[in-house]
Each structure stands twice: as C-alpha cells, then as structure tokens.
Amino acid sequence: MTGDNDMVNLGLVVTTLGRIDPLRALLTSLEGQMAEGDRIVLVAQGQEDAVELLAEEFADRGLPVIATTSARGASRGRNAGVAALPPGDFVVNFPNDTSVFPAETIAALRAAVADPAFVAGGFSCWDEKGAKTVLPAPGTPLDRWNVWSVIEMGILLRRTAFDEVGGFDENLGPGATTPWQVAEGTDLLLRVVARHPNAAAAFVWLPHDVRVDGISTAFGLTTAERRRKMRAYGRGTGRAMATHGYPLWWRLAFTGAGLLYGVRNAAPITLADGWPMFVGRLEGMLGRTFGDRQLLSAVR
C-alpha cells in the first residue's frame, strides 16, 4: 500500500450477498494497489459475519477495507457503502463482488481522476467473453446515447456529485422492490450531468485497456434463470428510457430490437432469449408488468 498526500482518495463500494470466494479474489487483486487514504467498503446483504471476518483478515494484511450492512438491493447497498466512507473527498466506484482488478488498474484510475475539476468518468468492464461494451474515444462528450456504454463497475464519480443527486435511486437496480431491475447507473449519470452540465463535456473516457474483469450476466445460470434475469434487465432499461424522455421512435425501435437479442449475443444466449428481452423492454416502456409477480426480480 502506498501513501501520497497529493493523491485523490478512491472509494470502492462493493455490495454483496455474501459470496466469500469471489470477494476474496477481488480483495486479493487489490493488494498492493491501494493507497493509505483509499477505502474499500464491503456492504453485506447476507453472510454478514463471514463478510466482516473477511474484511478484518484483509485489513490485518494492510488493505484499507471495512465492512457494513444494508437491506437488500444493489442501489441501497451502494448508497450505504458511500455513506460509510470516512469524511473527505473521494472518487467512488462500484465493482461487483465478482470483479477483479488487473495489476496497475488502480494506478490508471487514480491518474485519470487526479484533476481537482474531475466530476465523472468511465472505464471498461470485461467478462470471460471480452469487453461488455465499447467506450467512445477520449474527449467525446457524455450524452444520452453513449451513456449506456458505462455500467456500474466502470463508473467513476466524485463523492460530492454523488451526494448532491442523492446517490442511486433505490427503486432501480438488482434486488430493488420494484420491477425495474437495471439501469441504475445510467439513471445516476444522467442525473449528475443534468445537475453539472460541464460534467458531460468533461466526462473522462479511459483507454480501452484500463479495465475491471468480471463474469457475464448469464454466467452459471440455468436457461430459466437466464431468461428471467434478461426480462428483468430489459424491463429496467425500458423504464429508464421512458423516465428520461428518450424519443418515442427510439423507444419503439429499442423495444423491438429486443427480439434480436439472441442473434447479437454469443452462447449461451440463444435465439429464443429474444422474447423475454422484448417483453421486459415493453413492460419498462409501458410502466407496467404482465404475468407472474415472481418474475419481477433479477436476483433470488
């Protein structure tokens, strides 16, 4: 662990249901990368005692990690994690509990956010199939079209801006009590740039090789679980587009394109997976759900 009074502090907030082995891999990847003023916050929404013990183990090894708890819901957990950071200026990021940071990633993130005027930025998220999205070229303003390139694990946001907009909307995201089970990061960034218009023009897109690694959405799921999750995710994206006033023609095209989801994505996604994605996007666009209530959540 390094120390430098002039370095910006990074706050990595990880919401977890208590997956101890992946959390151990995440924390191990961060050893030797974090500075003294940084913090890693593990927000346990299950297996609280085991998560606390893991945090203590790595803290004893010199990693600046703490643990806290919250009620279920990824957005609720992230908000609780930011609130648990010590007072002071931080740039926050929201890795999954299955994320891993390659060597030198944290140094690259720190360099990218070192400007005191920094408000927001984004970097690449990879899974076992490669990059999840393709980021725009550095210098491209953030707008309502390319904001979808940034997912939660790749968000970099100054804590003051996060707090000003009230953090994540806890009615959105995996585990929320509403049907809108994704797009919480997109919603957050759109609210930030509405509050700070200069942040859109100055949005920092990091180089493609600066990344955090993880697993794909469908990794390890049965066919039924995968399709339930895709429907829940489609529902969240459709709702975000309706909430943030995307043109009707775009929303209709986006909803219809859900039928092609199985064509545009690699195995284990199949052609038949386009239907739940289409239905989810339609539900989100209309603001209502159809059928069995047990299909609403993206997580169990």
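Everything below is about the structure shown above.
Our subject in this report is the structure included herewith. Treat the numbers as computed from the prediction; the structure is a model and nothing was measured.

Details of the sheet that holds strand β5 (residues 120-122)
In spatial order, the strands read β3-β2-β1-β4-β8-β5-β9; together these seven strands make up an open sheet with mixed pairing. Only two strands of the sheet have a single neighbouring strand rather than two, namely β3 (65-69) and β9 (204-205). Bridge count for strand β1 (residues 9-16) against strand β4 (residues 90-93) is four bridges, and the pairing is parallel. For G11, the partnering residue across the bridge sits in β4 and is V92.

Describing the nonpolar core
Counting residues in each nonpolar core, the largest one holds 32 residues, and the members touching the most others are F94, L142 and L157. Residue assignment for this core shows that the elements contributing at least two residues are β2 (39-44), β4, β8 (155-158), α5 (159-164), α6 (184-195) and α7 (197-201). Here the element with the most residues in this core is α6; it accounts for five residues. Listed in part, the 31 residues of the second largest apolar core include L42, L54, F58 and V210.

Re unusual backbone geometry
Its identity is not glycine, yet Q47 carries a phi of approximately 50°, on the positive side. Here Q47 lies in the loop between β2 and α2 (48-60). One non-glycine residue, E104, lies in positive phi territory at about 75°. The residue E104 is located in the loop between β4 and α4 (105-112) in this model. For E104, a relative accessible area of 58% translates into the label exposed.

Some words on the packing of aromatic side chains
Going through the model one piece at a time under the given rule, you end up with nine aromatic pairs. Among the aromatic residues, those joined into a cluster by ring pairs are W145, W148, Y246, W249 and W250. The cationic tip of R78 hangs over the ring face of F168; the distance from NZ or CZ to the ring centre is 5.2 Å. Between the NZ or CZ atom of R144 and the centre of the ring of Y246, over which it lies, the distance is 4.8 Å.

Re a negative patch on the surface
Negative charge collects at one region of the surface, where E48, D49, E52, E56 and D60 lie side by side. Within the fold, D49 resides in helix α2. Assessed through its relative accessible area of 63%, D49 is described here as exposed.

So, the side chain of S149
Tracing the chain through its elements places S149 in the loop between β7 (130-131) and β8. The buried category is assigned to S149, whose relative accessible area is 14%. Of the polar contacts made by the side chain of S149, one reaches the backbone oxygen of V134; its length is 3.5 Å. Aside from chain neighbours lying at most four places away, what touches S149 is T133, V134, L135, P136 and W205.

Some details on helix α3 (residues 74-84)
If you check which residues of α3 are buried, you get A74, S75, G77, R78, N79, G81 and V82. Next to the buried residues of α3 lie β1, β2, β4, α5 and α6.

A few points about the pattern of salt bridges
Throughout the structure, instances matching the rule amount to 16 salt bridges. Residue E184 pairs with R78 through a salt bridge whose shortest N-O separation is 2.7 Å. Taken together, the positions of E184 in helix α6 and R78 in helix α3 put the pair 106 residues apart, joining distant regions of the chain. Here E184 matches R78 in class, with each residue buried. R235 is paired through a salt bridge with E283; the nearest N and O atoms lie 2.9 Å apart. With a gap of 48 residues between them, R235 in helix α8 (residues 223-243) and E283 in helix α11 (residues 274-286) connect regions that are remote in the sequence. On the accessibility criterion, R235 (0% relative accessible area) is buried. The structure contains a network of salt bridges with shared partners spanning R24, E31, E57 and R61.

Some remarks on the pairing of β3
Where β2 meets β3, five bridges bridge the pair, whose relative direction is parallel. Note on β3: the bridge partner recorded for A44 is T69. Considered for its hand, the β-α-β crossover made up of β2, α2 and β3 is right-handed.

What about helix α9 (residues 248-257)?
Given 3.6 residues per helical turn, the α-helix brings residues three or four places apart onto the same face. Burial in α9 covers these residues: R251, F254 and T255. With its buried residues spanning 100° around the axis, α9 presents them on a single face. Packing partners of the buried residues in α9 comprise α8 and α11.

Conventions we followed
Residues numbered from 1 in each chain as written. Predicted model: local features only at pLDDT ≥ 70, side-chain atom pairs only at ≥ 80, totals over all residues. Heavy atoms only, no water. Pairing = 2+ DSSP bridges. Helix = DSSP H or I, 4+ residues; strand = E, 2+ residues; numbered from the N terminus. Core = buried A, V, L, I, M, F, W, Y, C linked by side-chain atoms within 4.5 Å. Buried < 20%, exposed > 50% of the residue type's maximum accessible area, 1.4 Å probe, protein only. Phe/Tyr/Trp six-rings, centres within 6.5 Å; stacked < 30°, edge-to-face > 60°. Lys NZ or Arg CZ within 6 Å of the ring centre and 35° of its normal. Patch = residues over 30% accessible without salt bridge, like charges linked within 9 Å, V, L, I, M, F, W, Y side chains within 5 Å. Areas by Shrake-Rupley, 256 points an atom, 1.4 Å probe, with all protein chains shown as cover. Salt bridge = Lys/Arg side-chain N within 4 Å of Asp/Glu carboxyl O. Lys, Arg positive; Asp, Glu negative; His and termini not counted. Charge placed at Lys NZ, Arg CZ, Asp CG, Glu CD. Polar contact = N/O pair within 3.5 Å; in protein donor to acceptor, adjacent residues only side chain to side chain. Contact = heavy atoms within 4.5 Å. Right-handed = clockwise from strand over helix to strand, strands pointing away. Arc of directions from axis to C-beta.

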